[in-house]
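# Residue-level structural notes
If you want the building blocks of each chain, they are given just below.
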Amino acid sequence: MADDISSFWGPVTSTKEWCEPNYVRSSYIAEFFNTISNVPCIILALIGLVNALRQRFEKRFSVLHMSNIILAIGSMIYHATLRQMQQQGDETPMVWEMLLYFYILYSPDWHYKSTMPTFLFLYGALFAIAHSQIRFDIGFMLHYALLCLLCIPRTYKYYIHTEDRSAKQIAKLYVATLLVGAVCWLCDRLFCKDISRWYFNPQGHALWHVLMGFNAYFANTFLMYCRAQQREWNPKIKHFLGFFPYVKIQKPKAQ
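Residues numbered from 1 in each chain as written. Predicted model: local features only at pLDDT ≥ 70, side-chain atom pairs only at ≥ 80, totals over all residues. Heavy atoms only, no water.

On to a nonpolar patch on the surface, then. There is a patch of nonpolar side chains on the surface, built from Phe8, Trp9 and Tyr28 and spanning about 350 Å² of accessible area. Tracing the backbone through its elements, the reader meets phenylalanine 8 in the segment before helix H1 (32-36). (Patch = residues over 30% accessible without salt bridge, like charges linked within 9 Å, V, L, I, M, F, W, Y side chains within 5 Å. Areas by Shrake-Rupley, 256 points an atom, 1.4 Å probe, with all protein chains shown as cover. Salt bridge = Lys/Arg side-chain N within 4 Å of Asp/Glu carboxyl O. Helix = DSSP H or I, 4+ residues; strand = E, 2+ residues; numbered from the N terminus.)

Our focus in this paragraph is the state of the cysteines. Tallied over the entire structure, the rule returns 1 disulfide. Note on cysteine connectivity: cysteine 19 is disulfide-linked to cysteine 192, with sulfurs 2.4 Å apart. Because the torsion about its S-S bond is 90°, the bridge between cysteine 19 and cysteine 192 counts as right-handed. Remark: cysteine 192 occurs in helix H8 (residues 192-196) and cysteine 19 occurs in the segment before H1; sequence separation between them is 173 residues. In this model cysteine 187 remains outside any disulfide bridge; the closest cysteine sulfur is found in cysteine 184, 6.9 Å from its own. Just so you know, cysteine 226 is unpaired, no disulfide at all, and the nearest cysteine sulfur is the one on cysteine 151, 13 Å from it. The exposure class assigned to cysteine 226 is buried, which follows from its relative accessible area of 4%. (Disulfide = S-S within 2.5 Å. Buried < 20%, exposed > 50% of the residue type's maximum accessible area, 1.4 Å probe, protein only.)

So, on to the UniProt feature "transmembrane region" (unreviewed entry) in the chain. Listed under "transmembrane region" (unreviewed entry) in the UniProt record, and renumbered for this structure, are residues 32-51, 63-82, 94-112, 119-136, 142-159, 171-191 and 206-226. As a span, residues 63-82 carries 95% helix and 0% strand, and end to end its C-alpha atoms are 27 Å apart. Secondary structure across residues 142-159 comprises 100% helix and 0% strand; the distance between its end C-alpha atoms is 26 Å. (UniProt positions renumbered as here; feature names shortened; annotations may be inferred.)

So, on to the pattern of salt bridges. Inspection of the entire model under this criterion finds 6 salt bridges. Residue glutamate 58 pairs with arginine 231 through a salt bridge whose shortest N-O separation is 2.9 Å. A residue pair is termed long-range when its members are at least 10 positions apart, and glutamate 58 in the loop between helix H2 (39-54) and helix H3 (59-81) and arginine 231 in the loop between helix H9 (204-230) and strand E1 (236-240) qualify at 173 residues. Residue class for glutamate 58 comes out buried when judged on its relative accessible area of 15%. The salt bridge partner of arginine 197 is aspartate 194, with a shortest N-O separation of 2.6 Å. The exposure class assigned to aspartate 194 is partly exposed, which follows from its relative accessible area of 37%. Here the residues in one salt-bridge network are Glu58, Arg60, Arg227 and Arg231, joined through shared partners.

All right, on to the environment of tyrosine 158 then. Looking at the element boundaries, tyrosine 158 is found in helix H6 (residues 138-160). Judged by its relative accessible area of 11%, tyrosine 158 falls in the buried class. It is 18 Å that separates the C-alpha atoms of tyrosine 158 and leucine 99, two residues lying 59 residues apart in sequence. Excluding its chain neighbours within four sequence positions, the residues that come into contact with tyrosine 158 are Ile104, Leu105, Pro108, Phe222, Leu223, Cys226 and Gln230. In terms of polar contacts, tyrosine 158 uses its side chain to reach the backbone carbonyl oxygen of leucine 105, at 2.9 Å. Of note is the side chain of tyrosine 158, whose polar atom sits 3.2 Å from the side chain of glutamine 230. (Contact = heavy atoms within 4.5 Å. Polar contact = N/O pair within 3.5 Å; in protein donor to acceptor, adjacent residues only side chain to side chain.)

In this section: the packing of aromatic side chains. For the coordinates displayed, the defined rule picks out 15 aromatic pairs. Taken together, a centroid distance of 5.9 Å and an interplanar angle of 80° make the contact between phenylalanine 57 and phenylalanine 61 edge-to-face. Both rings, one in phenylalanine 102 and one in tyrosine 106, keep their centres 4.6 Å apart while their planes meet at 35°; by these two values the pair is tilted. Remark: tyrosine 106 and phenylalanine 102 occur in helix H4 (residues 84-106); sequence separation between them is 4 residues, near one turn of the helix. Since its relative accessible area comes to 24%, phenylalanine 102 is described here as partly exposed. (Phe/Tyr/Trp six-rings, centres within 6.5 Å; stacked < 30°, edge-to-face > 60°.)

Right under this line is the structure:
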């Protein structure tokens, strides 16, 4: 591993380090592959954002796509510097994004519409304050995993009530990218000593970034389809450049 003193950003202060040697390709980028692997997430989120704006989806989806972009940029800055403050700038948006997913999933059936966004906003603000003062490690991962688990029941409910095969396929791609990405993350985390002795490092954490970029895109697309069904916008799954699925809607003239 390269000497941190020779780096542009100074010594590593992050509580986590990943299985990629530091400052090998540039004194400005601590983990090269873990940094550039966030670019696909930004591109995919931009595709989703343009579609949401062009078809005038509810603002929540524009915010969701923008949160994916912010999260990816935060991750790039963190992996480029490996500093504690930048680590918090990566992890805090992860929690905010899950709170936004929670709102999108559960708000359609919430009778007291002002209470949920108020509670989630206060929760996110309090977490950001606490996270800026306390170094979380295992606690953060358990907290993030719990937020993910809370979204599963409603996501599954949407899936079983979706009849369109193309929409169901997107949901399956969401699950597949999540599972494969989780394996890449775990292997990079648990078997780093063995991987470091290999001639070729598969860059498991970078693969996790790429797969999570697609995972977020598939999740957002599926949720946009489900919401369009709720609003009776006659959603159809189309494909951009013959590959990237997106939701095409036809709103009633009254809307």
